[in-house]
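# Descriptive structure summary
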Amino acid sequence: LLYRKQSAMVRTRLSAEYLPRYLTVPVSHSTGHSSSPIFRVKLFPREQWVGQHLKTLKSLYRRYPYFDYYFPELEEIYCRQYVYLHHFLIDLLRWQVKLLFPGKKIVIASEENLNDLDSFFNWLKNLPAFQFLVYPNEAEYYQKQFSSFRTFAIEQSDHLVWPAGYIPEESLLVLLFLEGPDTVRFFQKITIQSA
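Structural notes, computed from the coordinates. (Residues numbered from 1 in each chain as written. Predicted model: local features only at pLDDT ≥ 70, side-chain atom pairs only at ≥ 80, totals over all residues. Heavy atoms only, no water.)

Space inside the second largest pocket adds up to approximately 150 Å³. In terms of lining residues, the second largest pocket is bounded by eleven residues, among which Y3, K5, V25, V27 and H29 are the most central. Tallied by class, residues from the lining of the second largest pocket come to six nonpolar, four polar and one charged. (1 Å grid on protein atoms, 1.4 Å probe; cavity = no way out; pocket = protein on both sides within 12 Å on 5 of 7 lines; lining within 4 Å. Points joined across faces, edges and corners; volume = space filled by probe spheres on them. Nonpolar A, V, L, I, M, F, W, Y, C, P; charged D, E, K, R; others polar.)

Turning our eyes to something else, we now look at the pattern of salt bridges. With the rule as written, the count across this model stands at four salt bridges. Note that E76 is salt-bridged to R80, the shortest N-O span being 2.7 Å. Given the relative accessible area of 31%, R80 is considered partly exposed. For E179, the salt bridge is made with R185, and the minimal N-O distance between the two is 2.8 Å. One network of salt bridges, with partners in common, ties together E76, R80 and D91. (Salt bridge = Lys/Arg side-chain N within 4 Å of Asp/Glu carboxyl O. Buried < 20%, exposed > 50% of the residue type's maximum accessible area, 1.4 Å probe, protein only.)

Attention now moves to the packing of helix α2 (residues 67-78) against helix α3 (residues 85-100). For any two helices packed against each other, one specifies the crossing angle of their axes together with the interaxial distance. Running from N to C, α2 and α3 point in directions that differ by 155°, and their axes come no closer than 10 Å. Between α2 and α3, the angle is such that the two are roughly antiparallel. Pair α2 / α3 crosses with right-handed handedness. Counted together, Y70, E73, L74, I77 and Y78 of α2 and F88, D91, L92, W95, K98 and L99 of α3 form the full contact between these two elements. Partitioned by chemical class, the residues of the contact of α2 with α3 number eight nonpolar, no polar and three charged. (Axes fitted to C-alpha atoms, helices over the stretch in contact; angles between N-to-C directions. Helix = DSSP H or I, 4+ residues; strand = E, 2+ residues; numbered from the N terminus. Parallel < 35°, antiparallel > 145°, perpendicular 65-115°, else oblique. Left-handed = near helix turned anticlockwise from the far one by under 90°. Contact = heavy atoms within 4.5 Å.)

This is the structure:
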């Protein structure tokens, strides 16, 4: 996949009640342009952003019920010595999937030697089933990229009530800090409709 500025690849929405409204992972301008494959995009040196991210998360969410439960693991991921954006994102993704979908396998295309879209698509065609979980604002992009496959729209149950202090456009971290292990129940109430 190609890197896209101001997409869910590098920014996530925080609480609308406070500033900043978004937390953005800074990338090198020499590697982070729209024609760059994501695995080539380099992060800014960690000294220039990691501390500020952690400070922002603490100031906004330290009073949430499960902040102390999850923050140490998140902080440990942030403090690793990453050079490339995709390594940071993969570790965040694996951590969240482990919490919400234990036992599910995550496939990282580059780790499977699927280094171009053709080999990736051919590999996908041999799978009996696969799912993409994407940020709702990103759905149109992925539907275009994977138009040769059967696509699905994720619809929320009419009975799904988000906790006070959370709106679905915010980061999944906010929901984890609010609901803890019960966060998984929100994903159990989502139905997938054939598009």
